[in-house]
Amino acid sequence: MLKAGIVGLPNVGKSTLFNAITNQHILAENYPFATIDPNVGIVMVPDDRIEVLNEMYHPLKKIPTSYEFTDIAGLVKGASKGEGLGNKFLSHIRETDAIVEVVRCFDNDNIIHVDGDISPLRDIETINLELIIADLDVVSARLNRISTKARMTKDKKELLEYEVLDKLKDALEKNIPIRKVELTEEEEKIIKSYNFLTKKPIIYLANIKEEDIGKDDNPYVEEVVSYAKKEDASVVPICAKIEEELSELDKEEKQEMLEALGLQQSGLDHLIQETYRLLGLATYFTVGPDEVRAWTFKKGMNAKKCAGIIHTDFEKGFIKAEVISYEDLIKYGSELKVRENGRARMEGKDYLMQDGDICHFRFGR
């Protein structure tokens, strides 16, 4: 399951956004409750295709692919040194695939900013500096432990680890996040287990007021967009207050409210889709009378690896995958008609799965 950590300074709208996430009732039929512990919420990844497949197959269960948000509490200036919840914040965020940084882009005299006034760039730099310091501490501690051994050893792997960590230390000391450092494939493998915070892709969530929805002239948002471009990061404008209200409505009421606001989708749906794009993710489906289900995979994964997402036995005993494209299924109206028109394919283990593929895996014990 995709995991994203929501970070932000106090009073930027982070808690309001998280309330919207945990109020989602979409998964009630498949999960005991949308919140699996006080700071984790699960929501459905929006995808109209699974609704269409559900109408075609009338399965006992419909299971969309899901997205886990972790609300990272305690992030304040000095978090990397133990301020706020300190190490608890760091351990939570290291387990995520991406960071969603909520930035306040609205004025409100009744909601006091922790630093006294509104400055999105200052807020971003405060948080990003904490992430950099946390990574720098990890790199420095590891270098201290291996430096003597690395210089004396003839082990190429240990020497390369020292060299790549030294490269990262130099970048971090210049306030450059690790995701901006060019690394070879071998260097990437060496640092993977560290789960560096500044290596994770980041999305800036510009929290705006209701009056600014759909407008392009918010100077605070413009500042965030300008900053994000330098990092090749994404910006999603969102009104956390509206998202909280939308989360309490049923499907029809939600659609009516979105139309009234001039929106095609909620900010939360936009965020999820942007995270998928950022991480290079896609969806394939399995269908049948018992279950219609969506599965998330990383673009570039082959059929055998994708089978393993369902169960390791599927990957170990993989034989073939019968693949039908979603578009062909809709065009011809049934799997039988797709086969009759020669559009069903038997693919081997090296087939690269495509977004929208509908698969029946064949495997041996």
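The rules behind each value
- Residues numbered from 1 in each chain as written.
- Predicted model: local features only at pLDDT ≥ 70, side-chain atom pairs only at ≥ 80, totals over all residues.
- Heavy atoms only, no water.
- Helix = DSSP H or I, 4+ residues; strand = E, 2+ residues; numbered from the N terminus.
- Contact = heavy atoms within 4.5 Å.
- Areas by Shrake-Rupley, 256 points an atom, 1.4 Å probe, with all protein chains shown as cover.
- Buried < 20%, exposed > 50% of the residue type's maximum accessible area, 1.4 Å probe, protein only.
- Arc of directions from axis to C-beta.
- Axes fitted to C-alpha atoms, helices over the stretch in contact; angles between N-to-C directions.
- Parallel < 35°, antiparallel > 145°, perpendicular 65-115°, else oblique.
- Left-handed = near helix turned anticlockwise from the far one by under 90°.
- Nonpolar A, V, L, I, M, F, W, Y, C, P; charged D, E, K, R; others polar.
- Salt bridge = Lys/Arg side-chain N within 4 Å of Asp/Glu carboxyl O.
- Core = buried A, V, L, I, M, F, W, Y, C linked by side-chain atoms within 4.5 Å.
- pLDDT = per-residue confidence, 0-100.
- Patch = residues over 30% accessible without salt bridge, like charges linked within 9 Å, V, L, I, M, F, W, Y side chains within 5 Å.
- Lys, Arg positive; Asp, Glu negative; His and termini not counted.
- Charge placed at Lys NZ, Arg CZ, Asp CG, Glu CD.
- Phe/Tyr/Trp six-rings, centres within 6.5 Å; stacked < 30°, edge-to-face > 60°.
- Pairing = 2+ DSSP bridges.
- Right-handed = clockwise from strand over helix to strand, strands pointing away.

Student: Help me understand the overall build of the protein chain in this model?
Tutor: Counting its secondary structure elements, the protein chain contains 14 helices and 13 strands. Residue pairs in contact within the protein chain that sit at least 24 positions apart in sequence constitute 69% of those at least 6 positions apart. Total accessible area on the protein chain stands at roughly 18800 Å², and carbon and sulfur atoms take up 49% of it.

Student: What am I meant to see in helix H2 (residues 48-57) here?
Tutor: Residue pairs three or four apart in sequence face the same way in an α-helix, which turns once every 3.6 residues. Of all the positions in H2, only Arg49, Ile50, Leu53, Asn54 and Tyr57 are classed as buried. Buried positions in H2, seen along its axis, are confined to an arc of 140 degrees and lie on one side of it. Exposed and facing more than 90 degrees away from the buried side of H2 are Asp48 and Glu55. Next to the buried residues of H2 lie strand E4 (61-63), strand E9 (281-286), strand E10 (291-298), helix H13 (326-332), helix H14 (335-340) and strand E13 (357-363). Directly after H2, the chain includes His58, whose backbone phi takes a positive value near 45 degrees.

Student: Mind showing me how you'd approach the packing of helix H1 (residues 14-22) against helix H8 (residues 240-247) here?
Tutor: Each pair of packed helices gets described by two things: the angle between the helix axes and the distance between those axes. Where H1 meets H8, the axes come as close as 8 Å, and the angle between the chain directions of the two elements is 20 degrees. It follows from the interaxial angle that H1 and H8 lie roughly parallel. In this structure, H1 meets H8 at a crossing whose hand is left-handed. Residues Thr16, Leu17, Asn19 and Ala20 of H1 touch H8, and the partners they reach there are Ala240, Lys241, Glu243, Glu244 and Ser247. The residue makeup of the contact of H1 with H8, split by class, is three nonpolar, three polar and three charged.

Student: What exactly am I supposed to notice about the pattern of salt bridges here?
Tutor: Opposite charge on two side chains permits them to pair, given that their charged atoms come into close proximity. Throughout the structure, instances matching the rule amount to 23 salt bridges. Note that Glu274 and Arg277 form a salt bridge whose closest N and O atoms lie 2.6 Å from each other. Here Arg277 and Glu274 lie together in helix H10 (residues 267-279), a separation of three residues that amounts to about one turn. Here Glu274 falls in the buried class, since its relative accessible area comes to 15%. Exposure remark for Arg277: the relative accessible area of 53% places this residue in the exposed category. The partner of Lys337 in a salt bridge is Glu340, and the shortest N-O contact between them spans 3.9 Å. Taken together, the residues span about one helical turn, with Lys337 and Glu340 both in helix H14 at a distance of three residues. Overall, Lys337 belongs to the partly exposed group, its relative accessible area being 42%. In this structure, a network of salt bridges that share partners links the residues Asp47, Arg49 and Asp355.

Student: What is the right way to read unusual backbone geometry from this model?
Tutor: Across residues other than glycine, the phi torsion is negative in most instances, and most of the peptide bonds are trans. The phi angle at Asn195 is positive, at roughly 50 degrees, despite the residue not being glycine. Tracing the backbone through its elements, the reader meets Asn195 in the loop between helix H6 (185-191) and strand E7 (202-207). The phi dihedral of Asp232 falls on the positive side, at around 55 degrees, and the residue is not glycine. Within the element layout of this structure, Asp232 appears in the loop between helix H7 (219-231) and strand E8 (234-238). Given the relative accessible area of 62%, Asp232 is considered exposed.

Student: Got a minute to help me understand the nonpolar core in this structure?
Tutor: One recurring pattern in soluble globular proteins is that nonpolar side chains are buried together. Counting 54 residues, the largest nonpolar core has Tyr67, Phe69 and Tyr204 as the members making the most contacts within it. When near neighbours in sequence (up to four residues on either side) are disregarded, Tyr67 contacts Met1, Leu2, Ala4, Gly41, Ile42, Val43, Val45, Val100, Ile272, Thr275 and Tyr276. Listed in part, the 19 residues of the second largest apolar core include Val139, Leu160, Leu168 and Ile191.

Student: Looking at this model, I keep getting lost on the confidence of the model for the protein chain. Mind explaining?
Tutor: As a general rule, the predicted coordinates of low-pLDDT regions are not to be interpreted in detail. For the protein chain, per-residue confidence averages 86 on the pLDDT scale, and 87% of positions sit at 70 or higher. Counting contacts from residues 25-36, a segment whose pLDDT is below 50, to residues more than four positions away or on other chains yields 23 contacts.

Student: What is the right way to read a nonpolar patch on the surface from this model?
Tutor: On the surface, Val52, Met56 and Ile330 cluster together to form a nonpolar patch covering roughly 200 Å² of accessible area. Among the secondary structure elements, Val52 is positioned in helix H2.

Student: For this particular structure, what's the right way to read a negative patch on the surface?
Tutor: Judged by side-chain charge, Asp250, Glu252, Glu253, Glu256 and Glu259 come together as a negatively charged surface patch. Residue placement: Asp250 occurs in the loop between H8 and helix H9 (251-261). Judged by relative accessible area, which is 43%, Asp250 ranks as partly exposed.

Student: Would you explain the packing of aromatic side chains in this entry?
Tutor: In this description, an aromatic ring pair is defined by two values, namely the gap between the centres and the angle between the planes. What the rule picks out here adds up to seven aromatic pairs. An angle of 25 degrees between the planes, with centres 4.3 Å apart, marks the rings of Tyr67 and Phe69 as stacked. Members of the aromatic cluster, connected to one another through ring pairs, are Tyr284, Phe297, Phe318 and Phe361.

Student: Can you help me understand the pairing of E8 in this one?
Tutor: Each regular strand carries side chains that alternate between the two faces of the sheet. Burial along E8 is one-sided: Ser234, Val236 and Ile238 are buried, while Val235 and Pro237, pointing the other way, are not. In this structure, E7 lies alongside E8, joined through five bridges in parallel fashion. Its bridge partner being in E8, Tyr204 is matched across the sheet by Val235. As a crossover connection, the stretch from E7 through H7 into E8 is right-handed.

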